[in-house]
Amino acid sequence: MSSLTRLLHPTSIAVIGGGAWCISVIEQARKFGFQGDIWPVHPKAGALAGEAAFASLEDLPASPDVAFVGINRHATIEAVAALSDMGAGGAVCFASGFTEARAEDGEGANLQARLVQAAGDMPILGPNCYGFVNGLARAAVWPDQHGMRPVDRGVAILTQSSNIAINMTMQRRALPLAFMLTSGNQAQTHQADIAAALLDDDRITAIGVHIEGFGDLRKWEALAKKARARDVPIVALKMGRSAHAQAATISHTASLAGEDAGAQAFLDRLGIARLDDIPSFLECLKLLHVTGGLDSNGLGSISCSGGEASLAADMAEDRDVHFPPLSQKQKDNLRDALGPMVALANPLDYHTYIWRDTEAMTRAWSAMMSPEQALTLAIVDYPHTDATDWDCATQAALNCVARTGRPFAVTATLPELLPEDVALRLMKGGVVPFAGLHEALASVEAASRPSAPDAEPVLLPSDTNTNHVLTEAEAKQALAEFGVRVPQSVVASAEGAEDASANLTGPFAVKGVGLAHKSEHAAVRLGVHAEAVAKVAAEIGTDEVLIEEMAEGGVAELLVGVTRDPAHGYVLTLGAGGVLTEILRDTVSLLIPSSRDVVQDALSRLKCAPLLAGYRGKPAADMESILDTVEAVQAYVIANASHVSEVEINPLICTLDRAVAVDALIRKASS
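The rules behind each value
Residues numbered from 1 in each chain as written. Predicted model: local features only at pLDDT ≥ 70, side-chain atom pairs only at ≥ 80, totals over all residues. Heavy atoms only, no water. Helix = DSSP H or I, 4+ residues; strand = E, 2+ residues; numbered from the N terminus. Buried < 20%, exposed > 50% of the residue type's maximum accessible area, 1.4 Å probe, protein only. Contact = heavy atoms within 4.5 Å. Areas by Shrake-Rupley, 256 points an atom, 1.4 Å probe, with all protein chains shown as cover. Lys, Arg positive; Asp, Glu negative; His and termini not counted. Charge placed at Lys NZ, Arg CZ, Asp CG, Glu CD. pLDDT = per-residue confidence, 0-100. Pairing = 2+ DSSP bridges. Disulfide = S-S within 2.5 Å. Core = buried A, V, L, I, M, F, W, Y, C linked by side-chain atoms within 4.5 Å. Salt bridge = Lys/Arg side-chain N within 4 Å of Asp/Glu carboxyl O. Axes fitted to C-alpha atoms, helices over the stretch in contact; angles between N-to-C directions. Phe/Tyr/Trp six-rings, centres within 6.5 Å; stacked < 30°, edge-to-face > 60°. Parallel < 35°, antiparallel > 145°, perpendicular 65-115°, else oblique. Left-handed = near helix turned anticlockwise from the far one by under 90°. Arc of directions from axis to C-beta. Polar contact = N/O pair within 3.5 Å; in protein donor to acceptor, adjacent residues only side chain to side chain.

With that settled, the discussion passes to the overall build of the protein. Along its length, the protein carries 23 helices and 30 strands. Counting only C-alpha atoms and orienting by the principal axes, one finds that the protein spans roughly 95 × 80 × 35 Å. Out of the 671 residues in the protein, the part that is buried amounts to 55%. In the protein, the share of contacts with a sequence separation of at least 24, taken over all contacts with a separation of at least 6, comes to 72%. Working note: accessible area of the protein is about 27,900 Å², and carbon and sulfur atoms make up 49% of it. Once the 51 positive and 81 negative side-chain charges of the protein are each reduced to a mean point, those two points are 5 Å apart.

Structure below.
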């Protein structure tokens, strides 16, 4: 595919078609201040929206930098082929009815394949998309209203959804939008391709991506690497948290991981923070535009109300942010500024003794700022009746940034209580104007996430149909060959169970063979002594039983599982194990391959992590053995990726000196 430069920064726009949408493209381009050529193409119209029309593409005076193709889907393919042949810079394909239609006869998919073939090396956006608005170049290739303004620098937002894009352009939060771009079906030009191209423009301060599906994982990995090199933060609004678990739920791992675990693990691996709602997404981009990424999650909060101070503390409770205690230097400076009547703490209620005294407010607010706080925020709600008396707060915030050079924000508890003109004034002076306390805290949490280290490319999922489940004994044997420690065991008929166990050391675990969830069928008996093996085997009732030596002395039980996620790779799930796995739901998810250090860090984030470390004087588990087991499971999956879809160890008994897989499951393709 050719460069996106001409497409995204056009000096000439061809508009193919004569309907209302095409007329709107011309009107919106001129309204936004586009100074280049606009060439309507229509076989019968002499002019469209005041611009002289050309009967065909062949009649154009030159090859256009970009064309808006606003005709039906069949004609779109012909027009794109002609544009490609004449060397156009790119095209926006507006028509729908391609793969998004999901026609049972496959017509939409066939048409989309033909469209991509027709484009050749010429980049196209869509189909089924609105196009883009470039606030840096005053260029709009956009068939509808939008709320953007020309800017000298700002953030770029990419989305597949044109309607969501329109709504975000209408924001009145003082967020400088340099680019709004929709990609529709991403038939040829991928979101990650576009974002990577935008990284070449130093005027782009941050990139926000609304993601419905990742598609080509390698493109996202390349984008993340380039963004780290350019030090441009990327945040995501990713859909899919509410998706149901994967259809394959033989293992606990599959039901726990679901479809979204792989997406989150992939974003974590890329170092792209995720926001859950559009307001927080926009506010985070605003923060990143002003400050870049934050160097910690420490937060300072100042307000003239104890209620607001408590509200800030409570709302931050479930987020990965914290309020560092005040240092002695801060206390001394605050006491000098506020006097003896104010209780000093973070969050701080400074009362209203100094309200309207801008210099005193500046000294107090500046005293609250410290290196332990990546951002200090003053909670200020401006009344929509008469906000004149609140100008002291605006100026004090501006003074704080001018005097200290450290990040500072003004935060309204309610989004509607931060007027746009005030927000613009604050932004111009380097103050982050947050429209909403919830949004502010979400933004700080996202912006303070540490950068992800360079990682190996994810293991791409195979498309093999997997439908064969190994027996527990077979699964353990397969994993043991890669280094997983398993108990000594034997498989025997119920009648021969006693003789078969003679060479093992009791007590034993006796399990029925051929059942997916043995505990639900009362087919697992633990602590069985040699003389009771035959009786227990008969009671279980399966044709064969697995008899194995008990793994004793465990200080914790873990789950180590892998599921093949068709969209994101192989999801490695680590969590609290045993029969309560799905009730506790204490898990973290990574993607394969993950390094030993990454795995250890993930284990430390589990709620059951204190058990592994030795809780309240209890002995600690052998962490090196646990990590060895996880590495062995990953090695098995990598070696068998072409035909494995699920692997699970549950539980992994973690003792003082070893980690033993006492139950295992593998699902793979039939041989």
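Read on for the rest.
Per-residue confidence for the protein averages 92 on the pLDDT scale, and 96% of its residues sit at or above 70. Contacts of residues 243–250 to residues separated by more than four positions or lying in other chains number 23 contacts, the stretch itself having pLDDT below 50.

Where strand β21 (residues 489–493) lies against strand β24 (residues 544–549), five bridges are found, and the strand directions are antiparallel. Within β24, the residue paired with Val490 across the bridge is Ile547. Strand direction decides the pairing type here: strand β22 (residues 508–512) and β24, joined by five bridges, are antiparallel. Bridge pairing in β24 places Val510 opposite Ile547.

Evaluation of the coordinates by the stated rule reveals zero disulfides. Unpaired in this structure, Cys93 has its nearest cysteine sulfur neighbour in Cys129, at a distance of 7.2 Å. Sulfur of Cys608: no disulfide; nearest cysteine sulfur belongs to Cys654 and is 8.5 Å away.

With that settled, consider the nonpolar core. Counting residues in hydrophobic clusters, the biggest one holds 102 residues, and the most contacted among them are Ile207, Trp220, Phe281 and Leu375. The greatest single-element share of this core, amounting to seven residues, is contributed by helix α16 (residues 437–447). Setting aside residues no more than four positions away along its own chain, Trp220 makes contact with His190, Gln191, Ala192, Val209, Ile211, Phe214, Phe266 and Leu270. Counting 41 residues, the second largest nonpolar core, distinct from the first, contains Leu558, Leu574, Val599 and Tyr636.

Here the focus is the sheet that holds strand β19 (residues 432–435). Spatially, five strands are ordered β16-β15-β17-β18-β19 in an open sheet, and the strand pairing comes out parallel. Only two strands of the sheet have a single partner each, and these edge strands are β16 (348–349) and β19.

A separate point is helix α6 (residues 191–198). The buried fraction of α6 is high, at seven of eight residues. Within α6, the full set of buried residues consists of Gln191, Ala192, Asp193, Ile194, Ala195, Ala196 and Leu198. Where α6 is buried, its residues touch α1 (5–8), β7 (124–125), β10 (154–159), β11 (177–182), β12 (204–211) and α7 (217–230).

The subject of this paragraph is the pattern of salt bridges. Tallied over the full model, the rule gives 29 salt bridges. Across the pair Asp200 and Arg230 runs a salt bridge, and its minimum N-O distance is 3.2 Å. Of this pair, Asp200 sits in the loop between α6 and β12 while Arg230 sits in helix α7, and the two are 30 residues apart along the sequence. Residue class for Asp200 comes out partly exposed when judged on its relative accessible area of 46%. Exposure remark for Arg230: the relative accessible area of 40% places this residue in the partly exposed category.

If you trace the seven strands from one edge of the open sheet to the other, you get β9-β8-β11-β10-β12-β13-β14, paired in mixed fashion. With one partner strand each, in any of the chains shown, β9 (139–141) and β14 (273–275) form the two edges of the open sheet. Between one strand axis and the next, the sheet turns by 20° as a mean value, whatever way the strands run. Both strand β8 (residues 132–134) and β11 contribute to a ladder of three bridges, which runs antiparallel. In the sheet register, Val133 faces β11, and the bridge partner there is Met180. Helix-sheet contacts for helix α5 (residues 162–169) involve β10, β11 and β12, and the interaxial angle to β11 is about 165°.

Under the defined criterion, the tally for this structure stands at 12 aromatic pairs. Taken together, a centroid distance of 5.0 Å and an interplanar angle of 85° make the contact between Phe214 and Phe266 edge-to-face. Within this pair, whereas Phe214 is found in the loop between β12 and α7, its partner Phe266 is found in helix α9 (residues 260–270), the two being separated by 52 residues in sequence. Taking 5.9 Å as the distance between ring centres and 20° as the angle between the ring planes, the aromatic pair formed by Trp365 and Phe408 counts as stacked.

A few words now on the packing of α6 against α7. Two numbers describe a pair of packed helices, the interaxial angle and the distance between the axes. The geometry of α6 relative to α7 is characterised by a closest axis approach of 9 Å and an angle of 20° between their N-to-C directions. In terms of their interaxial angle, α6 and α7 are classed as roughly parallel. Where α6 crosses over α7, the two elements pack in a sense that is left-handed. Contact with α6, carried on its side by Gln191, Ala192, Asp193, Ala195 and Ala196, involves Lys219, Trp220, Leu223 and Lys226 of α7 and no other residues of that element.

Attention now goes to unusual backbone geometry. With an omega of 5°, the peptide bond running from Asn346 to Pro347 counts as cis. Locating Pro347 in the fold gives a position in the loop between α12 (328–338) and β16. Cis geometry is found at the peptide bond from Asn650 to Pro651, where omega equals 5°. Along the polypeptide, Pro651 turns up in strand β28 (residues 644–654). The phi dihedral of His351 falls on the positive side, at around 60°, and the residue is not glycine. For His351, the location among the structural elements is in the loop between β16 and α13 (358–368).

Considered for burial, the residues of helix α17 (residues 472–480) that qualify are Glu472, Ala475, Lys476, Ala478 and Leu479. Seen end-on, α17 carries its buried residues on one side only, within an arc spanning 160°. Structurally, α17 contributes buried residues whose contacts are with β22, β24, α23 (623–639), β28, β29 (659–661) and β30 (664–668).

Moving on to the environment of Ile592. Structurally, the position occupied by Ile592 is in the loop between β27 (587–591) and α21 (596–604). The class for Ile592 is buried, based on a relative accessible area of 0%. Each C-alpha atom, one on Ile592 and one on Ala635, is 9.3 Å from the other, the two residues being 43 residues apart in sequence.

Next up on the list: the environment of Ala261. Positionally, Ala261 belongs in helix α9. Ala261 sits in the buried class, given a relative accessible area of 14%. In this structure Ala261 touches Val571 and Ser589, once residues within four positions along its chain are discounted.

What follows deals with the side chain of Gln373. Within the fold, Gln373 resides in the loop between α13 and β17 (375–379). Reaching out from Gln373, the side chain makes a polar contact with the backbone oxygen of Met368 at a distance of 3.0 Å. Excluding residues that lie within four positions of it along the chain, Gln373 makes contacts with Gly298, Leu299, Gly300, Pro324, Gln330, Asn346, Met368 and Arg406.

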